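Below are the chains, spelled out letter by letter.
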Amino acid sequence: MLYTSEALQQLIEEFSKLPGIGRKSAQRLALYLLKQQREDVVRMAKAMVNLKDKIRPCSVCCNITEEDPCAICSSAKRDRSILCVVEEPNDVIALEKTNEFRGLYHVLGGSLSPLEGIGPDDLKVKELLLRIDGTVVEVILAMNPNVEGEATTIYLTRLLKPLGVAVSRLARGIPVGGDLEFADEATLTRALEGRISL
Amino acid sequence: MIVTTEAVVLRTLKYGETSLIATLFTRVAGKIGVIAKGARDRKSRLGPSLQPMNHVTAVYYYKQTRELQLLSQCDLVRSLKGLTDDVERMAVGMAAVELVDAVTPAEEENAPLLDLLLSTLATAARATRNPGNTLYYFETRLLENLGFSPGFHRCSHCGASLEDAASIHGLHVSQHGVVCAKCARRGMGIEPLSAPAAKILQRLQEIRDPEAVTRMTLSPQVKGEVAGVLRRLLVGHVEGLRTLRSEAVFSSLLQSGSGPLAGDIQL
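This structure is a prediction, so every number in the text was calculated from the model and none was measured.

**Q** Is there a simple way to think about the interface of chain A and chain B in this case?
**A** Interfaces are often described in size by the accessible area the parts lose on coming together. With 29 residues of chain A in contact, the opposing surface of chain B contributes 33 residues. At the boundary of chain A with chain B, total buried surface from both sides reaches about 2,500 Å², with 62% on carbon and sulfur atoms. By the criterion of area lost to chain B, the three top residues of chain A are Pro-114, Leu-115 and Val-147 of chain A, representing 28% of everything that side buries. Counting every contact that joins chain A to chain B gives three salt bridges. With a closest N to O distance of 3.9 Å, Glu-193 of chain A and Lys-81 of chain B form a salt bridge. Within the residue set of the side of chain A that touches chain B, elements represented by two or more residues are α7 (147-160) and α8 (185-193) of chain A. A per-class count over the side of chain A that touches chain B returns 15 nonpolar, six polar and eight charged.

See the structure below:
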């Protein structure tokens, strides 16, 4: 397709590289920016550059941060005896939204994916083991409930148990507010296995 | 056309924000690629069933002109939970699905191979000991299914009977079989094969019940030899098959273990 402006075409191409953005949406976003004030567009561009310039991994938990160590790792209010291991920084954001977990995190940077050839050396496993130094009493493995998550959970359990820490995992089952009859078989099976006595 | 079929999920790939692209090994059409729109959404019923190694009933819209078919339903036939409870069992399951993905062409029906895959996965999931042996069983039957059944009971050169494993003196990959002492002396490209490993290979070819292989206790040396022979035969006959990604990962996971993939298989 021929655009009358090379700048517009370039921006559309850049936008269409974003996840979930097709060419048509990219075009709409680019034309929207064209209509905005110059200072608004500059602010947005600066925010994007800042994202790359300022954010770096926390040297303790491997989460994304501007300050090293991150606000969670350096907070005196957090419980240092519980460590929650997650796959990605998004998972930290999701768990923090609950306001229930007061321990520390460790971000692995993904999960073991045997079929994709992603092994333990591709994850922050060594960094996790270095953190088990006597202050940590429990490690919660909060992996995604899929085969890759299971592989990671089993592997980490094998590594962590001999270090004398309690290892637990998140429960799996019916989402709150959901209907039992609409739950799929795999979830229902796991929910039955993970039932608790009252 | 709407197709309803039994299948095993071979692999999945994240696509877009919430979708998955999956490779299914189906009973009616062999290996097919499907797109499951919204499968990663929490509300979707497709995602939980659409996990590698799962035995499912899939419903998809088939159109000859497109590469990826549209998956509309995917229900779990039976839970093979045992495969995801243990690294060794998972290693067998992953290697089996990866092998099927690697050796089968797209859209070529092969119901016996699906049955073999299902029985292997079910046996490995239930196995309380030696789950890794089920992979040797699977590879032996896979070679047979592909038409490259190796000859472990006769010399592949002179045809002499080698029922007694002690009289086997080597393996000839390109002739997919073993050789006698006489042929081994003058043959080119013959690899050494110990009598205990040869005996196990003969036994694997005779066994028709995958449960029986889990009762076989093999020494690490024999395991390594058997695994190596089966893999060399597969690599030697299936174009493009080299290393399995899952095995490389599980080898590192099982470094301290005694599993079948704990450095035993030499690729």
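**Q** I tried to follow the confidence of the model for chain B on my own but got confused; where do I start?
**A** Interpretation of the predicted coordinates at a detailed level should be avoided for regions scoring low in pLDDT. Within chain B, residue pLDDT values average 85, and 94% of them lie at 70 or more. The low-confidence segment residues 256-267 of chain B (pLDDT under 50) makes 30 contacts with residues lying over four places distant or belonging to another chain.

**Q** Honestly, the side chain of Asn-110 of chain B in this entry has me stumped. Any pointers?
**A** All names here are of chain B. Structurally, Asn-110 is set in the loop between α2 (87-103) and α3 (111-126). Classification of Asn-110 by relative accessible area gives buried; the value is 17%. Ignoring sequence-local partners within four residues, the contact set of Asn-110 consists of Phe-25 and Asn-145.

**Q** Looking at this model, I keep getting lost on the sheet that holds strand β1 (residues 2-15) of chain B. Mind explaining?
**A** Strand pairing in a sheet takes place through backbone hydrogen bonds and is either antiparallel or parallel in direction. Residues and elements named next belong to chain B. Pairing within the closed barrel is mixed, and its five strands lie in the order β1-β2-β3-β5-β4. For this sheet the average axis-to-axis angle between neighbouring strands, irrespective of direction, equals 50°. Bridge analysis of β1 against strand β2 (residues 19-26) gives eight bridges, and the strand direction is antiparallel. Note that in β2 the partner of Val-8 across the bridge is Phe-25.

**Q** Got a minute to help me understand the domain arrangement of chain B in this structure?
**A** Residue and element names in this part refer to chain B. Each assigned domain of chain B is listed with its residue range as follows: domain 1 (1-79) and domain 2 (81-257). Of the residues lining the interface, 20 residues belong to domain 1; the matching set on domain 2 comes to 25 residues. At the boundary of domain 1 with domain 2, total buried surface from both sides reaches about 1,800 Å², with 61% on carbon and sulfur atoms. The tally of links from domain 1 across to domain 2 stands at three salt bridges. Among the salt bridges present, the one from Asp-101 reaches Arg-11, with a minimum N-O distance of 3.8 Å. Counting the contacts that link domain 1 with domain 2 gives six residue pairs in polar contact (both at pLDDT 80 or more). Broken down by secondary-structure element, the contributors of at least two residues to the side of domain 1 that touches domain 2 are β1, β2, β3 (30-36) and β5 (68-78).

**Q** Can you help me understand unusual backbone geometry in this one?
**A** Excluding glycine, a negative phi dihedral is what most residues carry, and trans is how most peptide bonds are arranged. The omega angle of the peptide bond from Asp-68 of chain A to Pro-69 of chain A is 0°, so this bond is cis rather than trans. Here Pro-69 of chain A is to be found in the loop between β2 (64-65) and α4 (71-74). Phi is positive for Met-53 of chain B, close to 85°, though the residue is something other than glycine. With respect to the helices and strands, the residue Met-53 of chain B is situated in the loop between α1 (46-49) and β4 (55-61).

**Q** For this particular structure, what's the right way to read the domain arrangement of chain A?
**A** Assigned domains within chain A: domain 1 (6-54) and domain 2 (64-197). Distance between the C-alpha centres of domain 1 of chain A and domain 2 of chain A: 35 Å.

**Q** When you look at the pairing of β2 of chain B in this model, what are you seeing that I'm missing?
**A** Along a regular strand, successive side chains alternate from one face of the sheet to the other. All names here are of chain B. Of all eight residues in β2, eight are buried; the element is thus mostly enclosed. Here β2 shows no split at all, with Ser-19, Ile-21, Thr-23 and Phe-25 on one side and Leu-20, Ala-22, Leu-24 and Thr-26 on the other all buried. Here β2 pairs with β3 via seven bridges, running antiparallel. For Ile-21, the partnering residue across the bridge sits in β3 and is Ile-35. Following β2, the chain reverses through three residues before pairing antiparallel with β3.

Conventions we followed
- Here the residue numbers are simple positions, counted from 1 along each chain's written sequence.
- For this description, chains carry letters from A and ligands carry numbers from 1, given in the order in which they are written.
- Local features in this predicted model are restricted to residues whose pLDDT is 70 or higher, and side-chain atom pairs enter the listing and the counts only when it is 80 or higher, whereas totals over whole chains, interfaces and linings include all residues.
- Hydrogen atoms and water are omitted, and side-chain values are computed over all heavy atoms in the structure.
- By the convention used here, residues are in contact when the closest approach between their heavy atoms is within 4.5 Å.
- Joining two parts hides part of their accessible area as seen by a 1.4 Å probe, and the buried area is that hidden amount summed over both.
- A pairing counts as a salt bridge when a side-chain nitrogen of Lys or Arg comes within 4 Å of a carboxyl oxygen of Asp or Glu.
- For the purposes of this entry, the term helix denotes a DSSP run of H or I that reaches at least four residues, the term strand denotes a run of E that reaches at least two, and both are numbered from the N terminus.
- Gly is put with the polar residues, along with every residue not named as nonpolar or charged; the nonpolar set is Ala, Val, Leu, Ile, Met, Phe, Trp, Tyr, Cys and Pro, and the charged set is Asp, Glu, Lys and Arg.
- Known as pLDDT, the predictor's per-residue confidence is scaled from 0 to 100.
- We call a residue buried when its accessible area falls under 20% of the maximum for its residue type, exposed when it is over 50%, and partly exposed in between, using a 1.4 Å probe and counting protein chains only.
- Pairing between strands requires that DSSP locate at least two bridges from one strand to the other.
- Interaxial angles span 0 to 180 degrees and are taken between N-to-C directions of axes, which are lines fitted to C-alpha atoms, for helices over the stretch in contact.
- By convention here, the domain bounds are inherited from an automatic or database domain assignment.
- Whenever two N or O atoms come within 3.5 Å, that pair is a polar contact, provided that in protein one can donate a hydrogen and the other can accept it, and provided that, for residues adjacent in sequence, both atoms are side-chain atoms.

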